[in-house]
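Listed here are the chains, written in short residue letters.
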Amino acid sequence: MESTSKKTTAATQPAIPPATSILNEDWTVVVLGLAIIGLSLTGLVIAAPAFGWKDSSDLAGTVFSAKNLVAIAAQFAFTYVVALAGAWLTGRSVRATALGFPVIFGLTVLALILAGNKTLKDLNLEAVIFSLMIGLAIGNTLRLPDWLRASLATELFVKIGLVLLGTTVIFGDILKAGSLGLIQALVVVLSVWYVAYWISKRLKIDDEMTMMLASAVSICGVSAAIATAGAIHGDSKKLSYVISLVLITAIPMMLLMPYAAQSMGLTPEVTGAWLGGTIDTTGAVVASGSLAGEAALKISTIVKFSQNVLLGLAAFAISVYWTYSGKDGVQAEKPTLGVIWERFPKFILGFLGASLLFSFALSAETIDTVKGSLKSLQGLWFALAFVSIGLETRFADLFNADNRRPLYAFLLAQGFNIVITLVVAYFLFQ
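Below is a summary of the structure that appears in this document. Keep in mind the model is a prediction, meaning the values are calculated, not measured.

Counting its secondary structure elements, the chain contains 22 helices and 0 strands. For the chain, the residues scored as buried account for 54% of the 430 residues in total. Contacts spanning at least 24 positions in sequence make up 79% of the contacts within the chain whose residues lie at least 6 apart. Element-wise, carbon and sulfur atoms account for 68% of the exposed surface of the chain, whose accessible area totals about 18100 Å².

Another point: helix H4 (residues 94-115). Taking 1.5 Å per residue, 22 residues should reach 32 Å; H4 reaches 31 Å between its end C-alpha atoms and fits that length. Its axis deflected by about 35° at Gly 100, H4 carries its strongest bend there, up to four residues before the proline Pro 102.

Moving on to the pattern of salt bridges. Side-chain pairing between opposite charges can occur once the charged atoms of the two side chains come close. For the structure on display, the rule yields 5 salt bridges. Where Lys 238 meets Asp 206, a salt bridge forms, and the shortest distance between an N and an O atom there is 3.1 Å. Taken together, the residues Lys 238 in helix H13 (residues 236-263) and Asp 206 in the loop between helix H10 (178-202) and helix H11 (207-220) connect sequence positions 32 residues apart. With relative accessibility at 3%, the residue Lys 238 sits in the buried group. Here Asp 368 ties to Lys 371 by a salt bridge, and the two come within 3.4 Å at their closest N and O atoms. Linking Asp 368 with Lys 371, this pair stays in helix H20 (residues 364-391), spanning 3 residues, or about one helical turn.

Lys 238 sits 29 residues away from Met 209 along the chain, and the two C-alpha atoms are 6.2 Å apart. Here the side chain of Lys 238 touches Asp 206 through a polar contact of 3.1 Å, side chain to side chain.

In this section: the packing of aromatic side chains. Summed over all chains, the structure comprises 10 aromatic pairs. Pairing Tyr 80 with Phe 101 gives two aromatic rings, centres 5.8 Å apart and planes at 10°, and the pair type is stacked. Of this pair, Tyr 80 sits in helix H3 (residues 66-90) while Phe 101 sits in helix H4, and the two are 21 residues apart along the sequence. Relative to Phe 157, the ring of Phe 101 lies with its centre 5.9 Å away and its plane at 75°, an arrangement referred to as edge-to-face. On the criterion of sequence distance, the pair formed by Phe 101 in helix H4 and Phe 157 in helix H8 (residues 154-165) is long-range, its members being 56 residues apart. Neither residue differs from the other here; Phe 101 and Phe 157 are each classed as buried. Every member of this aromatic cluster is reached through a ring pair, and the members are Phe 76, Tyr 80, Phe 101, Phe 105, Phe 157 and Trp 381.

In a pair of packed helices, the angle between the axes and the distance between the axes together describe the arrangement. At a minimum axis distance of 10 Å, the contact between H8 and helix H12 (residues 222-232) shows a crossing angle of 120°. With respect to H12, the element H8 is oriented oblique. Judged by the twist between their axes, the crossing of H8 over H12 is left-handed. Between H8 and H12, the contacting residues are Val 158, Lys 159, Leu 162 and Leu 165 on the first element and Ser 223, Ile 226, Ala 227 and Gly 230 on the second. When its residues are assigned to classes, the contact of H8 with H12 shows 5 nonpolar, 2 polar and 1 charged.

Moving on to the environment of Ile 226. By secondary structure assignment, the location of Ile 226 is in helix H12. Residue class for Ile 226 comes out buried when judged on its relative accessible area of 3%. With 17 residues separating them along the chain, Ile 226 and Ile 243 place their C-alpha atoms 8.5 Å apart. In contact with Ile 226, not counting residues within four places along its chain, are Val 158, Leu 162, Leu 239, Ile 243, Phe 382 and Phe 386.

What follows concerns the side chain of Ser 200. Examined against the element boundaries, Ser 200 turns out to sit in helix H10. Setting aside chain neighbours within four positions, we find Ser 200 in contact with Ile 205, Thr 210, Leu 213 and Ala 409.

For Trp 274, the location among the structural elements is in helix H14 (residues 268-278). Residues Trp 274 and Met 257, 17 residues apart in the sequence, show an inter-C-alpha distance of 8.8 Å. Not counting the four nearest positions on each side in its chain, Trp 274 is found in contact with Met 257, Ala 260, Ala 261, Met 264, Leu 266, Ile 418, Thr 421, Leu 422 and Ala 425. In this structure the side chain of Trp 274 is engaged in a polar contact, spanning 2.9 Å, whose partner is the backbone oxygen of Ile 418.

The rules we used
Residues numbered from 1 in each chain as written. Predicted model: local features only at pLDDT ≥ 70, side-chain atom pairs only at ≥ 80, totals over all residues. Heavy atoms only, no water. Helix = DSSP H or I, 4+ residues; strand = E, 2+ residues; numbered from the N terminus. Buried < 20%, exposed > 50% of the residue type's maximum accessible area, 1.4 Å probe, protein only. Contact = heavy atoms within 4.5 Å. Areas by Shrake-Rupley, 256 points an atom, 1.4 Å probe, with all protein chains shown as cover. Expected span 1.5 Å × (residues − 1). Bend = angle between axes of the 7 residues up to and from the residue. Salt bridge = Lys/Arg side-chain N within 4 Å of Asp/Glu carboxyl O. Polar contact = N/O pair within 3.5 Å; in protein donor to acceptor, adjacent residues only side chain to side chain. Phe/Tyr/Trp six-rings, centres within 6.5 Å; stacked < 30°, edge-to-face > 60°. Axes fitted to C-alpha atoms, helices over the stretch in contact; angles between N-to-C directions. Parallel < 35°, antiparallel > 145°, perpendicular 65-115°, else oblique. Left-handed = near helix turned anticlockwise from the far one by under 90°. Nonpolar A, V, L, I, M, F, W, Y, C, P; charged D, E, K, R; others polar.

Read these as spatial facts, not as claims about activity.
Next up, the structure:
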């Protein structure tokens, strides 16, 4: 991965020098993410726009209706203010953000519209795929102006989305699966993570890519890769590559595994536990569980939630390991608790805080009022981040010959994941 080992190049350095930051990026994300949640709970609920359509008349009458355009404009205004606040707090150029964010948002809306097409939606192609593809297409064919490059706050967008993701990780839902779902999640995550790590090191893959790849294949795909990259300050190009692997491999697994389960005569419970513990994106898990039946869908979703809740703990453990092993410029001689706290990814606190709030402190009626809006905003921030990743990623870096080793490592680890999860699911849920 020599070609992607450098964090920045002359072409990616912003021409506009940053101002003095008020908060570091992680604390900024915690403040902004919890502020979004707080505003929603106090009544500022941003309606979720509709992006689903099946033909041109439906597109004009639904997506481009006056009411829906107002909803899109409201989301733009809200996220625009948040992005400007993030730029100001972190010392990034507010001027560049003011100019560049509308462009990023426009490309993101285009991706959401493409993903909303019924034909494509039936194939379970998620919006993040189109976000990444659009960003890559533009970033590799056009020379981006300096002000647009300076506005690509990928990590800020991603981490805000992760804090909002906490509102969907409800501990009560996980407990509905009982101890079996949690046991499977622990066994699968730990075993698959270790095997993926071992394979990657045997193939001489660099440490950053190894950590992101192992987390993605073992925990919850895209979100785990993003959280790990944040915990270790990983290279966004390597993150983009891992995300691409997750999304591409999820499609055939989603379509083929339900039929494989049927051919093996697995019960709906075992099938659901197998799907939920193996497939790396929540959307693909839901789609695959739906193909296997209602009972399998329920178990697959709960098992996936069980793995998702380990995200914060895993990112914390990875950040501690990264510190103690002397990575990322930190001395390896047993750093103090203060150093560990300094390196700890603070956005995890926002994620866990949101999860605890929505799990134990809020009524069902309150959650029902805001969950649609927050879910839409969460997806929007992720889509904004993937457009940004695509814009700053070059194909020459992403698909060179050296990247074959991470591909082989991912496929081998995913193969082990499929087998070990099936074995664990069979013994726990049979």
